[in-house]
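# Structural overview for review
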Amino acid sequence: MEAYLGIDVGSVTTKFAVLNESDELVTHVYLPTEGKPIDMVQQGLKQIKQQLPKGVDIRGVATTGSARYLAGVIMGADLVKNEITSHAVGALRYFPEGQTIIEIGGQDSKIIIIRDGIVTDFGMNTVCAAGTGSFLDHQALRLNMSIKEFSQRALDSTTPVRIAGRCTVFAESDMIHKQQMGHRIEDILYGLCQALVRNYLNNVGLGKDIQSPIIFQGGVAFNQGIVKAIQEELGSEVIVPPHHEVMGAIGAALLVHEEMAHSHEGSKFKGFGISEIKYHTSSFECQACPSLCEIAQLSLNGQVLARWGGRCDLWERSPTS
Amino acid sequence: MRIGMPHMGNLYIPFKALFQRLNIDFVIPPLNNQRTLSLGVRHSPEGMCIPFKLTLGNLIEATELGADTLLMPAGSGICRLGYYAKTQEQILHDLGYNIAMVSVGVSQRKLFGLLEMIKRLSNNAPWSKIISAFRFGLAKLNAMDRIERAVQKIRPVERIKGTANKLFAKAIKAIDQADDYNTLKKVQINCIDQLNQVTKVSKAQPLVVGIIGEFYVLLEPFSNLDVESELGKLGVEVRRTTFVSEWTKFSLFLNPLGMNEKDRIHKAALPYLKRDIGGDGWESVGEKVLHATEYDGLIHLAPFTCMPEIVAQNIMPSTKENIPVLTILCDEQIAKPGMLTRLEAFVDLLEHRRRAQSNSLRREHGSLSGH
């Protein structure tokens, strides 16, 4: 079987998706990144290999997400794609008639506006991470409940309380205040969902032409409270697609499939064996000018594979060329 | 008296030529770098824009090199930048620097005001000498901008990324060192020749993106994280109306004669914004309208907290002239990976849009010709 692998290495989670020749999802893996993108790419790759049936031939690999370049070098990716395009392509595969995509991940949230099947506008959170997965995780942890319980209990709210959602720090102190006042936890949880949705729509969604059908994906779409709050706020149904949490990886795999169909060369994929290799990362401060850029480098057996992080191109040329 | 002034792109080169020819003592602070920014941020109120912070950093670094007379643009009719000279003077005095601030009125009396100021700085040099030095500085400015326009065309199509930037840096150095018009001309011709000979990728038609927005962040690559070079690496051709040489041509020479290039831009903006709102906000709206059919997309650069550009940003989506616009807010918090993600996604958007448009054109054409 011929297959295409998409990997989405985000700030909080790492996602893998394998599609077959007809672009159907064969298998997927969802792991916490835990600040160790290389380890997680290797671990995920191992799991994918175990889950795949025998005789699968990987014909193309694409990486996306904030660690897409790093993951791209490790994997020998055929395509390195930004997560905005990947998410749009993934969602449109399942819902070609979609006009708006809301994507809320671990640390960033996006809105993608689509008309007639092409992206016409997008937005991404800039200065504020309120409403993203990490904050919700943190609040669940503080209330000593799982994120799943958070999601269910938020739905049991009868009279949601108003929480200040402009800033996570103030949202948290506001929540504590409301707890101390004796409000029901369900009402506080759902009040938080509403506050975060308002924050999202006022920041990321500002000035965007939000039209139905609306697709909601990313890890936060697991949270039923947030789904309900979005529907209420927009006064419209939202669709949470199956496998919404790995949609970026699915989009990347779709893109590399298309790319390889036009290419005359085979895949650069380095094979499943790379999950056993010991990569080494390090960093140094460039002294060439007063900017003192922090250059990060990835090496294998003392040979530098790639470098990042400079304001100029001094260190960024590919070490292989 | 030793002169110091803030940076904006390579503008120090024409000023250096001018000062040298008039025997004015001056220092050039280090080009914008992380230290400049840190100094500026440390001593500025948090809500000030990136032009304020970087220029303050430059002025501090110039003072460290012995400058005691600092030049800073000022005047009414621009934006709060008009008060920056005064504010920065106060900050520098509070820091214990004993300096004199000379406000350069960019909006009043135009050319004559500028020449008068130079005359004062040059300890009353004869007018003939001042005009000749000014002309030479201007020639350097024009040469740099002509080369930069050529560089903008090569960046997206060069086979080895970074080639055009290297030639550009070499030419800037040579222009800086040129002592006469002849050498200057040679440098310019040589560089443009070399640029034309750069090996190119065979790509049919690169996407064309217009860069619009606030003057300083457009012209100081450090403040916009080198957005033009990054777009070049993505294979996108960049066009920009704002060049210092254009500005001097109009504001110093042609406007006083009643010719105003900006009339055209303002007229285009009229249905959506009827008056100047300070800074370059009016121009940003007008340029969006004008370029809607010319380019594939626009990148709108604005300093964070810039009122005129934020007004413009919020007017732009409602114009009937439709073109994708990506606004990038520049400040000390902006991070390159985040900007690159947005640029890459924007370029994908433009490519898909162009493909969809050519497909629908082909369909229309096909149905008309009966196929």
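Conventions and cut-offs
Residues numbered from 1 in each chain as written. Chains lettered and ligands numbered in written order. Predicted model: local features only at pLDDT ≥ 70, side-chain atom pairs only at ≥ 80, totals over all residues. Helix = DSSP H or I, 4+ residues; strand = E, 2+ residues; numbered from the N terminus. Rg over C-alpha atoms; globule rule 2.2 N^0.38 Å. Buried ≥ 20, exposed ≤ 12 C-beta atoms within 10 Å, placed from the backbone. Pairing = 2+ DSSP bridges. Axes fitted to C-alpha atoms, helices over the stretch in contact; angles between N-to-C directions. Domains from an automatic or database assignment. Contact = placed C-beta atoms within 7 Å. Nonpolar A, V, L, I, M, F, W, Y, C, P; charged D, E, K, R; others polar. Arc of directions from axis to C-beta.

## Here's the deal with the overall build of chain B
Helices and strands together make up the secondary structure of chain B, namely 15 helices and 7 strands. Over its C-alpha atoms chain B spans a radius of gyration of 22 Å, differing by no more than 12% from the 21 Å that the globule rule assigns to 371 residues. Considered along the principal axes of its C-alpha atoms, chain B spans approximately 80 × 45 × 45 Å. Looking at chain B residue by residue over its 371 residues, the buried ones come to 42%.

## A word on the sheet that holds strand 7 (residues 325–330) of chain B
Residue and element names in this part refer to chain B. Pairing is parallel across the open sheet formed by 4 strands, whose spatial order is 5-4-6-7. If you trace the sheet from one side to the other, it starts and ends with strand 5 (236–239) and strand 7, each paired once. Put simply, the sheet's adjacent strands are angled 30 degrees from each other on average, direction ignored. Inspection of the sheet shows strand 4 (residues 207–213) paired to strand 5 by 4 bridges, in the parallel sense. Within strand 5, the position partnered with leucine 207 by the bridge is valine 236.

## Regarding the sheet that holds strand 10 (residues 238–239) of chain A
Residues and elements named next belong to chain A. Pairing is mixed in the open sheet, where 5 strands are placed in the order 8-7-6-9-10. Looking at strand neighbours, the two that pair on one side only are strand 8 (118–124) and strand 10, the edges of this open sheet. Strand direction decides the pairing type here: strand 9 (residues 214–217) and strand 10, joined by 2 bridges, are parallel. The partner of isoleucine 214 across the bridge, within strand 10, is valine 238.

## Considering the domain arrangement of chain B
All names here are of chain B. For chain B, the assigned domains are domain 1 (3–123), domain 2 (136–154 + 158–202) and domain 3 (206–371). Between the C-alpha centres of domain 1 and domain 3 the distance comes to 28 Å. The partner domain 3 presents 23 residues to the 17 residues of domain 1 that form the contact. Secondary structure elements with two or more residues in the side of domain 1 that touches domain 3: helix 2 (34–43), helix 3 (50–64) and helix 5 (110–121). Element by element, the count of residues in the side of domain 1 that touches domain 3 is highest for helix 3, at 4 residues. Taken together, the residues that form the side of domain 1 that touches domain 3 break down as 12 nonpolar, 3 polar and 2 charged.

## Section: helix 14 (residues 307–315) of chain B
Residues and elements named next belong to chain B. The set of residues buried in helix 14 consists of Pro308, Glu309, Ala312 and Gln313. Along the axis of helix 14, the buried residues cluster in a sector spanning 135 degrees; they form a single face. In this fold, the buried residues of helix 14 make contact with strand 4, helix 13 (281–291), strand 6 (297–303) and strand 7.

## Focus on the interface of chain B and chain A
Taken together, the contact pairs 20 residues of chain B with 19 residues of chain A. Only helix 2 and helix 15 (336–368) of chain B provide two or more residues apiece to the side of chain B that touches chain A. When residues in the side of chain B that touches chain A are grouped by element, the largest group, 10 residues, is from helix 15 of chain B. Residues belonging to the side of chain B that touches chain A are distributed by class as follows: 8 nonpolar, 7 polar and 5 charged.

## Some thoughts on the domain arrangement of chain A
Residues and elements named next belong to chain A. One can read the domain layout of chain A as domain 1 (2–87 + 248–276), domain 2 (97–240) and domain 3 (278–321). Inter-centroid distance (C-alpha atoms) of domain 1 to domain 3 is 24 Å. Contact with domain 1, which involves 5 residues of that partner, is made by 6 residues of domain 3. Per-element accounting of the side of domain 1 that touches domain 3 gives the leading share, 4 residues, to helix 2 (residues 68–75). Residue classes in the side of domain 1 that touches domain 3 are distributed as 5 nonpolar, no polar and no charged.

## As for the pairing of strand 3 (residues 25–32) of chain A
Residues and elements named next belong to chain A. Note that strand 2 (residues 13–20) and strand 3 share 7 bridges and pair antiparallel. Note that in strand 3 the partner of leucine 19 across the bridge is leucine 25. As consecutive antiparallel partners, strand 2 and strand 3 are separated by 4 residues, and within that stretch aspartate 23 has a phi angle of approximately 60 degrees, a positive value.

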